[in-house]
Amino acid sequence: TEAGKDPLEFRKQYLRESRYQDLVKTLEEKSGWKSRKKNDGWGVAITEYFNSIVGEVVKVSKNTSSGIKIDKVTAVMDCGWYVNPDIIRAQVEGSVIMALGAATKHAIHFKEGQAVEKNFDAYKMPRISEIPEIEVHIMDNDEKAGGVGEPGLPPFTPALCNAIFDLTGKRIRKLPFDLNEV
């Protein structure tokens, strides 16, 4: 946005390898990027990790009560040659949920040198009612096989923060943050 260009067009301009271009094109098509509306926030991030490339688009809107609601996450995974697409989808979905927790929930607090959250009953985790729709698409190509366990995690938080900035003009600079207080 600071460059004055559409975020996906900006990436198309600088990610010149055909593998990236194909991923960006698929991400644009599958997310409905060109159908963006004024009162929606859209963010995108693309990362390469363990020889896989993952792009994610996060769509947010204003929550009816307060804060921000994550409407949808669209992920495109290019892990090269693969065998079981269901496992890949499950891994990416799990990575998005784990990243959601890291961005908005997970924190350890200390009091008098002791951890306050000593077990999972006190440690905040995303609840199923807080999980947005997650749509995963897998690129077909003959590249060498890459990882699918972790690569879906890194792009989520930057895409979410970009979507929040697109909607509100606010930059998120500290994690975790509360979606109800944005």
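Residues numbered from 1 in each chain as written. Predicted model: local features only at pLDDT ≥ 70, side-chain atom pairs only at ≥ 80, totals over all residues. Heavy atoms only, no water.

**Remarks on the pattern of salt bridges**
- Applying the stated criterion across every chain, the model contains 14 salt bridges.
- Among the salt bridges present, the one from Glu28 reaches Lys34, with a minimum N-O distance of 3.9 Å.
- Here Lys34 falls in the exposed class, since its relative accessible area comes to 65%.
- One salt bridge in this structure joins Glu133 and Lys72, with 3.9 Å as the shortest N-O distance. Taken together, the residues span a long stretch of sequence, with Glu133 in strand 6 (residues 133-138) and Lys72 in strand 3 (residues 68-78) at a distance of 61 residues.
- A residue is classified by how much of its surface remains accessible, and Glu133, at 46% relative accessible area, is partly exposed.
- Of the residues examined, Lys72 reaches a relative accessible area of 22% and is grouped as partly exposed.
- Taken together, the shared-partner salt bridges connect Glu9, Lys12, Glu28 and Lys34 into one network. (Salt bridge = Lys/Arg side-chain N within 4 Å of Asp/Glu carboxyl O. Buried < 20%, exposed > 50% of the residue type's maximum accessible area, 1.4 Å probe, protein only. Helix = DSSP H or I, 4+ residues; strand = E, 2+ residues; numbered from the N terminus.)

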